[in-house]
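What follows is the residue order along each chain.
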Amino acid sequence: MVKGFYNIYINEGQLQLVNTSDMPFVILQEKTQTSVEYKNDSAILLQSIRNLEKGKYDRLVVYADDVERLFRDFKKLFVCIEACGGLVVNNRDEILAIFRRKHWDFPKGKMEPGESKRQTAIREVKEECGLKNVEIVRKLGATYHTFGTSDKRKLKVSYWYIMESNDKKLVPQKDENIEIAKWMSVKDFLAKAKPIYRNIVDVFEAYLIKASVKKS
C-alpha cells in the first residue's frame, strides 16, 4: 500500500510491481526469489499472470524503470472494477470486522455512478454493518486483487480509509452474504480473524503503521 509499489493478489499468489531501483530492496525485504524485468512487452506480463494463476509462484516481482507505466500497462489487461471501504475504529480502540464468504473482511463495496470515493466508502460501511454515524479520519491506501476467467480477467481496486464510529448496534447486511459484523480488539482480531484475505492483512498492517506513527 505504498506509492510506487504495487501488491496485486492473483489467486493465492502475490505479484509485486516495483521500480528497478527498488528491486534489490524488495527481493531482500520480502524474501522474493523470482523476478522479471519488464521491457514494455505485454507478453511478459501475461506470462507472469498465468504463472501466478496456475500457482507456480507464491510471490513474483516484475520491475521496470517506470513503475507507474508498468502498472498502467498491467491494468490494460483487465476489466477494472473500483470499490471503496473502511477500517472503522471506535473509542475503545476496537476495529470493525465482518465475516463474509467464509473469510474475515472489512466493509467495502463498488462505486455507484456520480459517487466520490469517500461517499462510496461511507455508504458501504453504513449499509454493510448497519451503522448510523461514520466519519472518515484519513486516507489509508489501495489494495488490488484479480478474479474472473482467462478470457475475461478482472482487477478489483479497493480504496481504503480509516474511519471512526461509536455506534454499538451492528446489523450485518444479509443480502451481501455478511454473516457477522463485530467490534474486535486488535488482539482478538489478530488471534481470531481467520481465515483472512491477504489484501485485508495489508490494510490492517497499514493501519497499525499509521496508528503507531500517530502515537509517537
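Use the structure listed above.
What comes next is a walk through the structure. Please read all numbers here as calculations on a predicted model, not as lab measurements. (Residues numbered from 1 in each chain as written. Predicted model: local features only at pLDDT ≥ 70, side-chain atom pairs only at ≥ 80, totals over all residues. Heavy atoms only, no water.)

Quick notes on the environment of Lys154
Inference 1: Tracing the sequence through the fold places Lys154 in strand E10 (residues 152–164).
Inference 2: The exposure class assigned to Lys154 is partly exposed, which follows from its relative accessible area of 25%.
Inference 3: Once the C-alpha coordinates of Lys154 and Asp65 are considered, the two residues, 89 residues apart in sequence, prove to be 26 Å apart.
Inference 4: Apart from residues no more than four positions distant in its own chain, Lys154 is found in contact with Phe78, Val79, Ile81, His145, Thr146 and Phe147. (Helix = DSSP H or I, 4+ residues; strand = E, 2+ residues; numbered from the N terminus. Buried < 20%, exposed > 50% of the residue type's maximum accessible area, 1.4 Å probe, protein only. Contact = heavy atoms within 4.5 Å.)

Examining helix H3 (residues 67–75)
Inference 1: Within H3 the residues assigned to the buried category are Val67, Leu70, Phe71, Asp73 and Phe74. Projection of H3 onto a plane perpendicular to its axis shows the buried side chains occupying an angular sector of 160 degrees, all on one side.
Inference 2: Residues of H3 that are buried make contact with strand E1 (5–10), strand E2 (13–19), helix H2 (42–53), strand E4 (59–64), strand E9 (135–149) and E10.
Inference 3: Residue Asp66 occupies the N-cap position of H3, its side-chain oxygen lying 3.2 Å from the main-chain nitrogen of Glu68. (Arc of directions from axis to C-beta. Polar contact = N/O pair within 3.5 Å; in protein donor to acceptor, adjacent residues only side chain to side chain.)

Topic: H2
Inference 1: With 12 residues, H2 ought to run about 16 Å at 1.5 Å a step, and its terminal C-alpha atoms sit 16 Å apart, in line with that.
Inference 2: The set of residues buried in H2 consists of Leu45, Ser48, Ile49, Asn51 and Leu52. One side of H2 carries all its buried residues, which in axial view fall inside an arc of 160 degrees.
Inference 3: Residues of H2 that are buried make contact with E1, E2, E4, H3 and E10.
Inference 4: One side-chain oxygen of the residue at the start of H2 lies 3.0 Å from the amide nitrogen of Ala43, identifying that residue as Asp41.
Inference 5: A positive backbone phi angle near 80 degrees is found at Gly55, which sits one or two residues after H2. (Expected span 1.5 Å × (residues − 1).)

As far as function goes, none of this settles anything; it's purely spatial.
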